[in-house]
Amino acid sequence: MQLNALLEIGAAAALVSFVVSLLIVQSQKWHGFISNDHDLTGVQKVHGLAVPRIGGLAVVSGVVVGVLSHVLMFPGDVSATSLNAVLLLAVCGMPAFVSGMAEDFTKRISVRIRLLATFASALLASAVLGATVSELDIWGVDNLLQMTPIAVLVTALVVAGGANAVNIIDGFNGLAASVIIIMALAIGVLAFQHNDPLVATLGVLGAGSAAGFLLVNFPRGKLFLGDGGAYFLGFWIAEGAVLLLVRNASVNAWQVLSICAYPVIEVLFSMYRRRVIQQVSPGAPDRLHLHTLVYRRVVRKLIKVEPPQAWLQNATTAGVIVPWVAVMALVSVLVGQSIVLSMGLVLLQIVFYIAIYRRLARGRWIGSTPVVIEVTIGTEAL
């Protein structure tokens, strides 16, 4: 596919996502009673007004219409660019999207059910599109992945984990959408370099739909991505990464991981912190994610504003984290062809994450009892 065609698809996705986002915001007086996030006191909440949390409708609309618009404008280009496969992937993502939207509307869908739904989406993609990894460049593991049932299971776990990772970092205006744009573009660039039109299209669609939403979400947070949007885009990025590896043997898994490292590290560290250190459920909400600590320990101390301008502190949090993610993604694209360098980039990001986390948490989570952790950090008033 030509670069111009990719740009047109991405622009169409962004435009549709932006328009639908605006329509959701402008019409919230009719649906806000069910679509707004009225929980302003929850442990993870930092916003002061009830805002629609159904931005997932906008990003899905952007992805689907972005593809269909290209089919209408360039009908002879459909088979060459595998746009039918893109639509199939969108259909595969519906269990993840629907479960997330159900939570956005009802607030009653458990984490387990949503994870199972994303797991089901991954299984569908494996069956329909052959999106099953057989090599992760890890000694011993690659031998196991030669057995199809194990490969399918590992792929589903990776995709479900990726979707949950995006949902975890979705806490401040512009943060999740910006990270998604960076990861999607990086994956799209790698696919374009390897002459893979399908994955390149996935990348521009993910980036475009997230960008359209971002224009409404950032900086004032007029609309939230919600679980539906976070799970769907997380699934979309994870499947793009899987298909990139499946369809391009010369791309190593460590390069892809280094691009997506931030949300992956966040979800794995959160699971470890909750289960091992705090001895609570890995799905229990808290205020101890890195982005929350950045907000509380850095942004709120540097930017002093009155409540009507509190959105400025919220939005600035993304401005602290996103540049690092962008730099790492750029370096990964430029030098990640080497497995050794890619592994080094992943290790660098892990070390950097832990060092910053320790600094922001003032070291109290290391060697402290779970009770002390919760008292000294987790229950501090926002």
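To be clear, the structure that these remarks concern was listed above.
What counts and what doesn't
Residues numbered from 1 in each chain as written. Predicted model: local features only at pLDDT ≥ 70, side-chain atom pairs only at ≥ 80, totals over all residues. Heavy atoms only, no water. Helix = DSSP H or I, 4+ residues; strand = E, 2+ residues; numbered from the N terminus. Buried < 20%, exposed > 50% of the residue type's maximum accessible area, 1.4 Å probe, protein only. Contact = heavy atoms within 4.5 Å. Areas by Shrake-Rupley, 256 points an atom, 1.4 Å probe, with all protein chains shown as cover. Expected span 1.5 Å × (residues − 1). Salt bridge = Lys/Arg side-chain N within 4 Å of Asp/Glu carboxyl O. Axes fitted to C-alpha atoms, helices over the stretch in contact; angles between N-to-C directions. Parallel < 35°, antiparallel > 145°, perpendicular 65-115°, else oblique. Left-handed = near helix turned anticlockwise from the far one by under 90°. Nonpolar A, V, L, I, M, F, W, Y, C, P; charged D, E, K, R; others polar.

Looking now at the overall build of the chain. The secondary structure content of the chain amounts to 18 helices and 2 strands. In the chain, which comprises 382 residues, the share counted as buried stands at 52%. Residue pairs in contact within the chain that sit at least 24 positions apart in sequence constitute 74% of those at least 6 positions apart. Carbon and sulfur atoms make up 69% of the accessible area of the chain, which totals about 16500 Å².

Mapped onto the elements, alanine 186 comes out in helix H10 (residues 175–193). Its relative accessible area of 6% is what places alanine 186 among the buried residues. Through-space distance from the C-alpha of alanine 186 to that of valine 333 is 6.6 Å; in sequence the pair is 147 residues apart. Not counting the four nearest positions on each side in its chain, alanine 186 is found in contact with Ile259, Ala329 and Val333.

The subject of this paragraph is unusual backbone geometry. Put simply, phenylalanine 218 and proline 219 share a cis peptide bond, and its omega is 10 degrees. Residue position: proline 219 is located in the loop between helix H11 (197–217) and helix H12 (226–247). One non-glycine residue, lysine 107, lies in the positive phi region at around 60 degrees. Counting through the fold element by element, lysine 107 comes out in the loop between helix H6 (94–106) and helix H7 (111–129). The phi torsion at asparagine 195 lies on the positive side, around 60 degrees, for a residue other than glycine. For asparagine 195, a relative accessible area of 64% gives the class exposed.

Attention shifts here to helix H14 (residues 261–277). The first and last C-alpha atoms of H14 sit 22 Å apart over 17 residues, in line with the 24 Å expected at 1.5 Å per residue. Among all positions of H14, only Ala261, Tyr262, Pro263, Ile265, Glu266, Val267, Phe269, Ser270, Arg273, Arg274 and Ile277 are buried. Where H14 ends, the next residue or the one after it, glutamine 279, has phi of about 55 degrees, a positive value.

This brings us to the pattern of salt bridges. In total, this model carries 4 salt bridges according to the counting rule given. Between arginine 53 and aspartate 227 there is a salt bridge, and its shortest N-O distance comes to 3.3 Å. Of the two residues, arginine 53 sits in the loop between strand S2 (51–52) and helix H3 (56–73) while aspartate 227 sits in helix H12, which places them 174 residues apart along the sequence. Judged by its relative accessible area of 9%, arginine 53 is buried. Note that arginine 247 is salt-bridged to aspartate 196, the shortest N-O span being 2.9 Å. Here arginine 247 is found in helix H12, whereas its partner aspartate 196 is found in the loop between H10 and H11, with 51 residues between them in sequence. Under the relative-accessibility criterion, arginine 247 is labelled partly exposed at 39%.

This part is about the packing of H10 against H12. Two elements in contact, H10 and H12, have axes whose closest approach is 10 Å; the angle formed by their N-to-C orientations is 20 degrees. Taken together, H10 and H12 sit at an angle that is classed as roughly parallel. For the pair H10 and H12, the crossing hand works out as left-handed. Judged by residue contacts, Ile180, Met183, Ala184, Ile187, Leu190 and Ala191 of H10 engage Leu233, Ile237, Gly240, Ala241 and Leu244 from H12. Looking at the contact of H10 with H12 residue by residue, the classes come out as 10 nonpolar, 1 polar and no charged.

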